[in-house]
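# Structural overview
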Amino acid sequence: MEGNVIGINTAILGRNGSIGIGFSIPSNSAQIVIKQLIEFGETKRGWLGVRIQEVTKEIAEAVGLKKNEGALVASVGEKSPADKAGVKAGDIILKFDGKKIDTMRTLPKVVANTEVGKNVKLEIWRDKKLIIKNLKLGRLESSEEFKEKKTRPKKTEQIEIENLRISVRELTKEDISKRKLKITKGVVITEISNKSPLSGLLNINDIIIEAGRTKIKNPTDLNNIVNSMVKKGDKNLLLSIIDSNNRRRYLGVKLN
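Numbering of residues starts from 1 in every chain and runs along the sequence as written. With the structure being a predicted model, the display of local features is reserved for residues of pLDDT at least 70 and the display and counting of side-chain atom pairs for 80 or more, all residues being used for whole-chain, interface and lining totals. As a convention, hydrogens and water are excluded, and side-chain values are obtained from all of the structure's heavy atoms.

## Quick notes on the nonpolar core
Take the buried Ala, Val, Leu, Ile, Met, Phe, Trp, Tyr and Cys residues and link them wherever side-chain atoms come within 4.5 Å; each set so joined is a nonpolar core. Relative accessibility under 20% of the residue-type maximum defines a buried residue, over 50% an exposed one, and the middle range a partly exposed one, all with a 1.4 Å probe and only protein chains included. Counting 21 residues, the largest nonpolar core has Leu164, Leu198, Ile208, Leu222, Leu237 and Leu239 as the members making the most contacts within it. In this description a helix means any DSSP run of H or I spanning at least four residues, a strand means any run of E spanning at least two, and both kinds are numbered starting from the N terminus. Those elements giving two or more residues to this core turn out to be β12 (166-170), β13 (187-192), β14 (207-211), α7 (219-232), β16 (236-242) and β17 (248-254). Ranked by residues supplied to this core, first place goes to α7 with 4 residues. Within the second largest apolar cluster, 20 residues are counted, among which are Ile52, Phe96, Leu122 and Leu135.

## Observations regarding the pattern of salt bridges
The salt bridge definition used is simple: a Lys or Arg side-chain nitrogen within 4 Å of an Asp or Glu carboxyl oxygen. Enumeration according to the criterion identifies 7 salt bridges in this entry. Salt-bridge contacts for Lys100 lead to Glu69; the nearest nitrogen and oxygen are separated by 3.8 Å. You can see Lys100 sitting in strand β7 (residues 99-100) and its partner Glu69 sitting in the loop between α2 (57-63) and β5 (71-76), a full 31 residues away along the chain. What makes Lys100 partly exposed here is its relative accessible area of 46%. A salt bridge links Arg169 to Asp175; the shortest N-O distance between them is 2.7 Å. The pair formed by Arg169 and Asp175 is uniform in burial state, with each residue classed as buried. Overlapping salt bridges bring together Asp97, Lys99 and Lys118 as one network.

## Regarding the pairing of strand β11 (residues 158-161)
Two strands are counted as paired when DSSP detects at least two bridges linking them. When β11 meets β12, the two strands line up antiparallel, connected through 4 bridges. Considered in β12, the bridge of Glu160 is made with Ser167. The antiparallel hairpin formed by β11 and β12 contains 4 residues in its connecting segment, where Arg165 sits at a positive phi of about 55°.

## As for the environment of Leu48
Considering the arrangement of structural elements, one finds Leu48 in the loop between β3 (46-47) and β4 (50-54). For the pair Leu48 and Leu137, spaced 89 residues apart in sequence, the C-alpha separation works out to 6.2 Å. Ignoring sequence-local partners within four residues, the contact set of Leu48 consists of Ser80, Pro81, Ala82, Ile93, Phe96, Leu107, Val111, Leu122, Leu135 and Leu137. Here a residue-residue contact requires only that any non-hydrogen atoms of the pair lie within 4.5 Å.

## A look at α7
Structurally, the α-helix is built with 3.6 residues per turn, so residues lying three or four positions apart point the same way. Compared with an ideal rise of 1.5 Å per residue, which puts 14 residues at 20 Å, α7 spans 20 Å between its outermost C-alpha atoms and is within 8% of the ideal. Of the residues making up α7, those classed as buried are Pro219, Leu222, Ile225, Val226 and Met229. Seen end-on, α7 carries its buried residues on one side only, within an arc spanning 135°. Every exposed residue of α7 that faces more than 90 degrees away from the buried side is listed here: Lys231 and Lys232. Residues of α7 that are buried sit in contact with β11, β12, β13, β14, β15 (214-215) and β16. Looking one or two residues past α7, Gly233 carries a phi angle of roughly 85°, positive in sign. The length a helix should cover is 1.5 Å for every residue beyond the first. The arc in question is the one spanned by the directions pointing from the helix axis to the C-beta atoms.

## Some remarks on the confidence of the model for the chain
Scored by pLDDT, the chain has a mean of 83; 76% of the residues are at 70 or more. Confidence scores labelled pLDDT are given residue by residue by the predictor and lie between 0 and 100. Residue range residues 14-20 is modelled with pLDDT below 50. Its contacts to residues more than four positions away, or to other chains, number 5 contacts.

Written out as structure tokens, the structure reads:
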């Protein structure tokens, strides 16, 4: 044993302390990122601009490949390095910059670890023959698809309020902007069961802002208030809601 670093732990799965399955990234991958951070102060990952899928045995047979290998191009991003080089949907990338692409999963790793701006050669299977495409690798962080993904609003968690037989999610900035709301906190109703005491009284997308005279910031607040009332045997719940017309009103609910 020479004490060389071969991987860096990122997570561990186990029931008893640190005993279990460890998850790590290879030290080579970490070195690339560290070098970029030291040199540029940020990461610079390679970008090809394709959406890919697995080459199954059936697909390989259909396109005349001897075995199922490579990465099948499902679509090509407009004005991406792949698009400019003439890569098309249906192409199968077999080699990237001299490196064999044995499975779909190999391509993103190889591309991300290739120097941005490098001129690379692709070996592609198209129309049952091998063709070569040359391109200049782009930078992922500068691509439109990366920016869009980064700014895309996060999916808010949906929680079921069992005693009301409804599901709700947290009110988002997008909701506030789109509906021109004056409130900033509350929960949006996403589902109402036919057996819910709110069935016929409230609608999907109505917003609950208070329960029992207490302001609701998130789904957990509402769930805790309702559960607490049920435990105390209190059957009458006063809700303050904002309807689809942005009108505030109060509603008395009889808990089952």
